[in-house]
Every structure is written in C-alpha cells, then in structure tokens.
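Each chain is listed here by its residues.
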Amino acid sequence: MEIKVADNNILYNQCLAIRKRVFVEEQNVPMDREVDDYEDVATHILLIEEEPVGTVRYRPADDEMIKVERMAVLPEARGRSLGRELMAFVHSHARETGYTRARLGAQVHAIDFYRKLGYTVSSDEFMDAGIPHVYMERDLTE
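A brief look at the structure comes next. (Residues numbered from 1 in each chain as written. Predicted model: local features only at pLDDT ≥ 70, side-chain atom pairs only at ≥ 80, totals over all residues. Heavy atoms only, no water.)

Observations concerning the side chain of Arg-59
If you trace the backbone, Arg-59 turns up in strand E3 (residues 52-60). Relative accessible area serves as the criterion here: at 13%, Arg-59 is assigned to the buried category. Here Glu-69 takes part through its side chain, which lies 3.0 Å from a polar atom of the side chain of Arg-59. Excluding anything up to four places from it in sequence, Arg-59 contacts Tyr-38, Val-41, Ala-42, Met-65, Ile-66, Lys-67 and Glu-69. (Helix = DSSP H or I, 4+ residues; strand = E, 2+ residues; numbered from the N terminus. Buried < 20%, exposed > 50% of the residue type's maximum accessible area, 1.4 Å probe, protein only. Polar contact = N/O pair within 3.5 Å; in protein donor to acceptor, adjacent residues only side chain to side chain. Contact = heavy atoms within 4.5 Å.)

Side note on the pairing of strand E8 (residues 131-139)
As paired strands, strand E5 (residues 101-107) and E8 are joined by seven bridges and run antiparallel to one another. Looking across to E8, one finds that Gln-107 is bridged to His-133. Where strand E7 (residues 126-128) lies against E8, three bridges are found, and the strand directions are antiparallel. Bridge pairing in E8 links Asp-128 to Ile-131. Here E7 folds back onto E8, and the loop between the two strands holds two residues, one of which, Ala-129, carries a positive phi near 55 degrees. (Pairing = 2+ DSSP bridges.)

Encoded structure:
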C-alpha cells in the first residue's frame, strides 16, 4: 500500500475516477456538485494498492483549521481499514503544514467511523446532495 499527495494530473485524475465511482455512480451525487471550486486549492491524497482504491482531499478552512472532504474507498477495497489509513495520512500531512484542527461533513452512516478517529459532532444534521450529514471536528495536536 502506498499513500501519496496527488501532485500531478495523472494522480489527480485517478482521485477523480474514484470519487466519480463512489459519489456519482454509487451515491447519485450530481457530477457538477462533486467537482467544485476548491479542486485547485485542495490537497488531494491517493491510496494505491496494486491499483488506486482510495482518495481524500483537504483544504484550508482558516489559518489553523482544515476541511477534510471527498473521502472515498472503492467498494471492493472496503473493510480493510484503508479509510483509517487515508485519514491518518491527512492528519499527519496537515499537522506538518502547521494546521491544528480538522473539520469535516460526515455522512450520518459514517459518524462512528470518524468518532473512532477522534472527531466529535459539532452540528445538527443537515442535507448535502440529498444525503444526511453532520459536521464533526477534532484537534490535530493530540
């Protein structure tokens, strides 16, 4: 397994292909909602086993906080803690860049996954792309 920053078009397009499969095809998120104005400012992360199977991105929310977004693992690769590995990489990378807090919009079914990673719910439930979400936050200095 290898996790790396998608710092070129080939790797970025592999991230997009995973997101399209998970969010657009599996969860019916419209493509124009999936690809947004933050693509160029976000740090995109790619997890590769023999093939690319997972991705996540993060972007600055302010001087101290990142917003983690678009965490996706292909269906055939789920259940092997790859999401946990992706999130650990994001936390470490963001810490090294000087960020001290993380925020994300968690799909309600994934709240327990993020709780195990140290996140706490920080909002009421809301709808995003027709899917129930809550905001969650965590300290990155712990």
